[in-house]
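# Architecture at a glance
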Amino acid sequence: MEFSYFSRFHESWFCIFLWSSILILVILFLPFFIFYSLRRRLSCNCEICQAYVKSKWADQFTNLCDWYTYILQNSPSKTIHIHVLNNTITANPDNVEYILRTRFDNFPKGKPFSSILGDFLGRGIFNVDGDLWRFQKKMASLELGRVSVRAYALEVVNKEIDSRLITLLELASGWEDELDLQTFFRQLSFDVICRFLFGLDPGSLELSLPLSKFAVAFDLASKLSAERALELSPIVWKIRRLLNIGSEKELRQAIKIVNMLAQEVIRKKRDMGFLQQNDLLSRFMSSGANIDEKFLRDIVISFLLAGRDTVASALTSFFRLVAHHPEVEASLLAEADKIIGENVELASYEQIRELHYLHAAIYESMRLYPPVQFDSKYCLQDDLLPDGSFVKSGTRVTYHPYAMGRMEEIWGSDCLKFKPERWLKDGIFLQQDPFRYPVFQAGPRVCLGKELALVELKIVAISVLLKFHVKLAESQDSVPRFSPGLTSTFQDGLQVLIRPRSTTYLTDQLKQP
Ligand code: HEM
């Protein structure tokens, strides 16, 4: 007995000694390891790589995406290679089609991407390939592909507009203080997506923190996860994560809060009895598939991300552009007046379908400000893109809808102008090739929520426009600054004054020189 106690005592000291030695060795050799792995990356002396590494681009451009746009516009093939990032970036529609459709199997999301977003999105649909992706896509398509989905979306959004949106904006229309429309739309789209996908009223959740704290944590987790991709080597953030320091510590804390929200959504759904319900979450829960608690959490987070941030981003940019273009605002109101008429509280689905100019204005605003500015895939085997660019196995390929929306070769010499008319022929909205406009992605992984999103965008936009005039706090020539994140967000939000719409306002506005 005494002997075994003695030997265990020695064993534990031996373990401590062993682990301490390993730790000391790691600490001693880590800087060399990082240095050598980064040296290879930093060694490219080409102008573009140096501009990236030394952040020289920031001398001329407000946003990284504007710099990428500039170099893509100036590239004859509309494709560039950032050697230090091992990333081929393209704004060439032929390449986009090749990556997203023709050679879909050779360009999955891939392991590097899943590890960047893995802590936040886990095995959720955005972050996986293969069977895990197919399963979630099938379940989501059953729900989002229903014939009645648009009518149901309209019902959910109309309820939200009727019960909250108009009341809140009426309140804000009496304020002298500015309202951040971006935050407002994020709250709205969160409520809509909870009702639509989870069959839940967010107000009924029993949360230990106010909803706004969860929203902040959600945004932070999205921003910090996206920033991992900007590091010159994944080793940098992986070490920070191992030591739980800096941004990785913040990310861990933010994810902890986000998890609390997801757990409460799942708990509430269980309480409500998911077997009798046919929303998306209930479908997953009753599918009989092997879905553990963690997988359910990942599903909830991915769909929240898909439906909340993208729609809020699209609405915010739309109102910013419309406020800067009174002539577009006038055309939107004139169309609504013709189709919906006066004194109608909420438009019907048939009326919404008839609003071609509104549809065009929404597409046009997403052309200039796509909610997902760029999207990366991973090249499995060496490949050659249609424009002749060679892509090496194991490197990243990125298509860039933000830059594509600003290409003269695609949209003509007035590509920087906000001009909804470019989408209309004889007043009817005309669809463009999705590989020239991959705002909803295209090919097998095309956005599953496109129809829901369009209904939501149109009905919210017209409901607000008909009742209120949105006046921007920023000046006419201000350039928006984006926050890094998975979805495009204005760093300073969108500060506006809300005013009740008077019938004479617009005429007065148009009379101004
Ligand atoms: C204006 C609004 C929206 C835009 C611009 C948009 C755009 C996109 C884009 C670019 C992707 C590809 C992302 C990637 O693979 O990395 C995507 C995927 C997806 N979106 Fe949307 N989206 C919008 C709204 C929504 C909404 C409201 C939902 C509702 C649930 C949704 C559900 C999805 C899903 C499930 C996927 C994954 C598809 C797959 O991987 O097969 N989206 N979306």
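Anyway, here's the lowdown on the structure attached to this text.

Cut-offs applied
- Residues numbered from 1 in each chain as written.
- Predicted model: local features only at pLDDT ≥ 70, side-chain atom pairs only at ≥ 80, totals over all residues.
- Heavy atoms only, no water.
- Helix = DSSP H or I, 4+ residues; strand = E, 2+ residues; numbered from the N terminus.
- Rg over C-alpha atoms; globule rule 2.2 N^0.38 Å.
- Buried < 20%, exposed > 50% of the residue type's maximum accessible area, 1.4 Å probe, protein only.
- Areas by Shrake-Rupley, 256 points an atom, 1.4 Å probe, with all protein chains shown as cover.
- 1 Å grid on protein atoms, 1.4 Å probe; cavity = no way out; pocket = protein on both sides within 12 Å on 5 of 7 lines; lining within 4 Å.
- Points joined across faces, edges and corners; volume = space filled by probe spheres on them.
- Nonpolar A, V, L, I, M, F, W, Y, C, P; charged D, E, K, R; others polar.
- Patch = residues over 30% accessible without salt bridge, like charges linked within 9 Å, V, L, I, M, F, W, Y side chains within 5 Å.
- Salt bridge = Lys/Arg side-chain N within 4 Å of Asp/Glu carboxyl O.
- Donors = N, O, S within 2.8 Å, 3.2 Å for Na, K, Ca; no water.
- Pairing = 2+ DSSP bridges.

### Concerning the overall build of the protein chain
Secondary structure assignment for the protein chain yields 20 helices and 13 strands. For 513 residues, the compact-globule formula gives about 24 Å, and the C-alpha radius of gyration of the protein chain, at 25 Å, lands near that figure. By its C-alpha atoms, the protein chain is 95 × 60 × 45 Å across when sized along the principal axes. Out of the 513 residues belonging to the protein chain, those deemed buried represent 49%. Element-wise, carbon and sulfur atoms account for 58% of the exposed surface of the protein chain, whose accessible area totals about 24,900 Å².

### Here's the deal with empty space enclosed by the protein
Which parts of space are left empty comes out when a probe the size of a water molecule is rolled across the atoms. The full count for this structure, using the stated rule, is four cavities of 30 Å³ or more. Approximately 40 Å³ is the volume found for the largest cavity. What lines the largest cavity is Ile99, Leu100, Phe104, Phe107, Lys377, Gln441, Ala442 and Arg445. Among the residues forming the lining of the largest cavity, the class breakdown is five nonpolar, one polar and two charged.

### Observations concerning a nonpolar patch on the surface
On the surface, Phe14, Phe17, Leu18, Trp19 and Ile22 cluster together into a nonpolar patch covering about 580 Å² of accessible area. By secondary structure assignment, the location of phenylalanine 14 is in helix 1 (residues 2-42).

### Topic: unusual backbone geometry
Phi is positive for serine 55, which is not a glycine, with a value near 50°. Its place among the elements puts serine 55 in the loop between helix 2 (47-53) and helix 3 (64-73). In this structure serine 55 comes out as partly exposed when scored by relative accessible area, which is 39%. One non-glycine residue with positive phi stands out, namely lysine 78, at about 65°. For lysine 78, the position within the fold is in the loop between helix 3 and strand 1 (79-82).

### What to know about the coordination of the iron atom of the ligand
Among protein atoms, the single one acting as a donor to the iron atom of the ligand is Cys447 (SG), 2.3 Å away. Relative to the helices and strands, cysteine 447 is located in the loop between strand 9 (428-429) and helix 19 (450-467).

### A closer look at the sheet that holds strand 3 (residues 179-180)
Here we have three strands laid out as an open sheet, ordered 3-13-10, and antiparallel in their pairing. Two strands lie at the open edges of the sheet, namely strand 3 and strand 10 (468-472), each paired on one side alone. Pairing analysis gives five bridges linking strand 10 to strand 13 (residues 495-500), with the strands arranged antiparallel. Bridge pairing in strand 13 places phenylalanine 468 opposite proline 500.

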